[in-house]
Amino acid sequence: MPINVQFAAGPKLWPDYEAPLRAAFAEMGLNAAMAEEMAPETVDYIVFAPGGTITDFSPYTRCKAVLNLWAGVERIVTNPTLTQPLCRMVDPALTEGMVEYVTGHVLRHHLGLDRHILHQDGVWRHHLIPPIARERPVTILGLGALGAACGQALAALNFPVTGWSRTPKEVAGLRCLSGMDRLEAALEGAQIVVLLLPLTAETTDLLNARRIARMARGSFVINPGRGPLIDDGALIEALDAGQIAHATLDVFRTEPLPPDHPFWAHPHVTVTPHIAADTRAASAARVVAENIRRGEAGEPFLHLVDRARGY
Ligand code: NDP
Ligand code: OXD
């Protein structure tokens, strides 16, 4: 009997994923039948993405796991019909993409590249020498798959990096702090703050006016995590007051960001359209296949989401 895999991540992704998934199943010796539509009671695994084709998981009585193609799970984890194990995506290519996005935007702000790229006015400002990386403290909020990789890449460039997580962590080369009671210490004096937290009840509006005030004056915010991690009003006030010099935002409370949203026109905000790091079909297909192999072998799933924690 084949293993029945329903691809419920939406018709737009099917052409990208069908061949890589079939190849990964074959590579792992899995006899899998895959389709976009299947009788729910016959399905063994669901491949899912936000905006996908299933909203009610209750008829999927035989399903052993829902395998999300996204790293973030806030749009599925609270679905009351979902009783099956839920796995999130940890894709090596997505991680590489995030490291490149974060490093690129950190270096842009650190080196003050905008001054030279956007203002070529014939004036030779030789005095605008940026500090070196070791003089520019960076704080990464979230030390998971993405935060730890970004933190280590920045530490390798000599930035003094503080990472902050819910539970205590040790990441080589980083100063690691944990717990709400250490959040303000993690932000104290930071010149660049990168948000790579999941969106949960605890992390909503986490970066608020009081916490922004702990950062160094004229600092930078980079948010590829989720929009609601930041109190938007507090951020705009801090930008207008010069407490934050610039914010690079990839994620928003409403996506696509509405054309009349003040972020678009703000001179000190860079909007990127949720492109910091996409899941890549070739490598993600192997992660999905490995989890199905594990499920069939009775081994624990990788990247299992803790429902109570919300990530
Ligand atoms: P992980 O689950 O691997 O890591 C999450 C980190 O956040 C962990 O270190 C965790 O702490 C920490 N954390 C969670 N809740 C709290 C809290 N209440 N207080 C302090 N720390 C907390 O996630 P990833 O690194 O894979 O991804 C992070 C997020 O990045 C995703 O959830 C998604 O929102 C976003 N993302 C954005 C993309 C984009 O293109 N813009 C692409 C992919 C992801 P602990 O280690 O103790 O559990
Ligand atoms: C994700 C994302 O969570 O793309 O994977 O934001």
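What comes next is a walk through the structure. Not measured: the values here are computed from a predicted model.

## Notes on the nonpolar core
Counting residues in each nonpolar core, the largest one holds 31 residues, and the members touching the most others are L141 and F263. Looking at this core, the elements with two or more residues in it are helix 5 (183-187), strand 9 (192-195), helix 7 (232-241), strand 11 (244-249) and strand 12 (269-271). Considering each element in turn, this core owes the most residues, five residues, to helix 7.

## A closer look at the site of ligand 1
Lining the immediate surroundings of ligand 1 are 29 residues, of which R88, L143, T167, K169 and Y311 lie closest. At 2.9 Å, a backbone N or O of L146 approaches an oxygen atom of ligand 1. Take T167: an N or O atom from its side chain is 2.5 Å from an oxygen atom of ligand 1. When isolated, ligand 1 has an accessible area of 940 Å², and the protein chains bury 93% of it. The set of elements that each furnish at least two residues to the shell around ligand 1 consists of helix 2 (92-111), helix 4 (145-156) and strand 7 (161-165). Split by residue class, the shell around ligand 1 holds 15 nonpolar, eight polar and six charged. In terms of domain composition, the shell around ligand 1 takes at least three residues from each of domain 1 (3-91 + 279-297) and domain 2 (92-271).

## Topic: the layout of surface pockets
Of the voids in this model, the second largest pocket is the one considered here, and its volume is about 290 Å³. Around the second largest pocket, the lining is made up of 15 residues, and of these D114, R115, F220, A245 and H246 lie nearest the centre. Elements with a minimum of two residues in the lining of the second largest pocket: helix 2, helix 3 (113-118) and strand 11. No other element matches helix 3, which puts four residues into the lining of the second largest pocket. Residues of the lining of the second largest pocket, tallied by class, amount to five nonpolar, six polar and four charged.

The rules behind these values
- Residues numbered from 1 in each chain as written.
- Chains lettered and ligands numbered in written order.
- Predicted model: local features only at pLDDT ≥ 70, side-chain atom pairs only at ≥ 80, totals over all residues.
- Heavy atoms only, no water.
- Core = buried A, V, L, I, M, F, W, Y, C linked by side-chain atoms within 4.5 Å.
- Buried < 20%, exposed > 50% of the residue type's maximum accessible area, 1.4 Å probe, protein only.
- Helix = DSSP H or I, 4+ residues; strand = E, 2+ residues; numbered from the N terminus.
- Near = heavy atom within 4 Å.
- Polar contact = N/O pair within 3.5 Å; in protein donor to acceptor, adjacent residues only side chain to side chain.
- Areas by Shrake-Rupley, 256 points an atom, 1.4 Å probe, with all protein chains shown as cover.
- Nonpolar A, V, L, I, M, F, W, Y, C, P; charged D, E, K, R; others polar.
- Domains from an automatic or database assignment.
- 1 Å grid on protein atoms, 1.4 Å probe; cavity = no way out; pocket = protein on both sides within 12 Å on 5 of 7 lines; lining within 4 Å.
- Points joined across faces, edges and corners; volume = space filled by probe spheres on them.

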